[in-house]
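Listed here are the chains, written in short residue letters.
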Amino acid sequence: MPQFRPSIPSLFVASILALCSIPALAEMSCGPLDGHGYFHEHRAERMEQRQKTLHEKLKLSAEQEAGWKKLIDSEHSGPWAKTGKREDWAKLTTPERAEKMQERMTAQQTAMAEHLVVLKEFYATLTPAQKKIFDDFHGGPRRGMRGKPAPQSGPQPAPLPPRAAVGQS
């Protein structure tokens, strides 16, 4: 027993520190996906930042500002902002849920068609230099989950042929 005696006080201090840190671990946030509505706030903030950045880059004239405002308003007024509560969905049967989803998809398609009309009207007012900025801003590679580039659509490069094993002829 005498050989363990010097380590007992340090073991005691370490266990007290570990016990004191448990409440701090319970309050840790998982970032935008912490389940407390932060994701939607985070997404809205990012969208607003991107719109502000694009607005600054475009350097719009006074005549184009009305079209810009109309475009931004069309992005914010969509059926995706009005979703039912989870409790409502939990009470529905599977066919009823499928019908609700179909109704939501129809509403989203209608809103997207209206947004497309506004987008085309605004795009027509841009100068060629502004159109390039607008296209570059919206045409860049999207980020996928965990910061990885999203899969690209279109033609993919051919896979490399398998390498020959060393020592084989």
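It should be noted that the structure appears before, not after, this text.
What comes next concerns the included structure.

About the cut-offs
- Residues numbered from 1 in each chain as written.
- Predicted model: local features only at pLDDT ≥ 70, side-chain atom pairs only at ≥ 80, totals over all residues.
- Heavy atoms only, no water.
- Axes fitted to C-alpha atoms, helices over the stretch in contact; angles between N-to-C directions.
- Helix = DSSP H or I, 4+ residues; strand = E, 2+ residues; numbered from the N terminus.
- Parallel < 35°, antiparallel > 145°, perpendicular 65-115°, else oblique.
- Left-handed = near helix turned anticlockwise from the far one by under 90°.
- Contact = heavy atoms within 4.5 Å.
- Nonpolar A, V, L, I, M, F, W, Y, C, P; charged D, E, K, R; others polar.
- Expected span 1.5 Å × (residues − 1).
- Buried < 20%, exposed > 50% of the residue type's maximum accessible area, 1.4 Å probe, protein only.
- Arc of directions from axis to C-beta.
- Salt bridge = Lys/Arg side-chain N within 4 Å of Asp/Glu carboxyl O.

## Concerning the packing of helix α3 (residues 62-76) against helix α5 (residues 94-125)
Alright, step 1. Two numbers describe how α3 lies on α5: the axes approach to 9 Å, and their chain directions differ by 155°. The angle between α3 and α5 places the two elements in the roughly antiparallel class. Like other packed secondary-structure pairs, α3 and α5 cross with a definite hand, here left-handed. Two secondary-structure elements touch here, α3 through Gln 64, Gly 67, Trp 68, Lys 70, Leu 71, Ser 74 and Glu 75 and α5 through His 115, Val 118, Leu 119, Glu 121, Phe 122 and Thr 125.
Alright, step 2. Tallied by class, residues from the contact of α3 with α5 come to five nonpolar, five polar and three charged.

## Section: α3
Alright, step 1. The end-to-end C-alpha separation of α3 is 22 Å, in line with the 21 Å expected for 15 residues at 1.5 Å each.
Alright, step 2. Within the span of α3, buried status applies to Gln 64, Trp 68, Leu 71, Ile 72 and Ser 74. Take α3 and look down its axis: the buried residues cluster within an arc of 155°, on one side only. Residues of α3 that are exposed and angled more than 90 degrees away from the buried face: Ala 62, Ala 66 and Lys 69.

## As for the pattern of salt bridges
Alright, step 1. What the rule picks out here adds up to three salt bridges.
Alright, step 2. One salt bridge in this structure joins Asp 73 and Lys 69, with 3.3 Å as the shortest N-O distance. Placement of the pair is Asp 73 and Lys 69 together in helix α3, with a separation of four residues, close to one helical turn.
Alright, step 3. Using a relative accessible area of 51% as the deciding quantity, one classes Lys 69 as exposed.
Alright, step 4. We note a salt bridge from Lys 132 to Asp 136, for which the minimum N-O separation is 2.9 Å. Residue Lys 132 and its partner Asp 136 are both found in helix α6 (residues 128-139); the two are separated by four residues, about one turn of the helix.
Alright, step 5. The exposure class assigned to Asp 136 is partly exposed, which follows from its relative accessible area of 47%.

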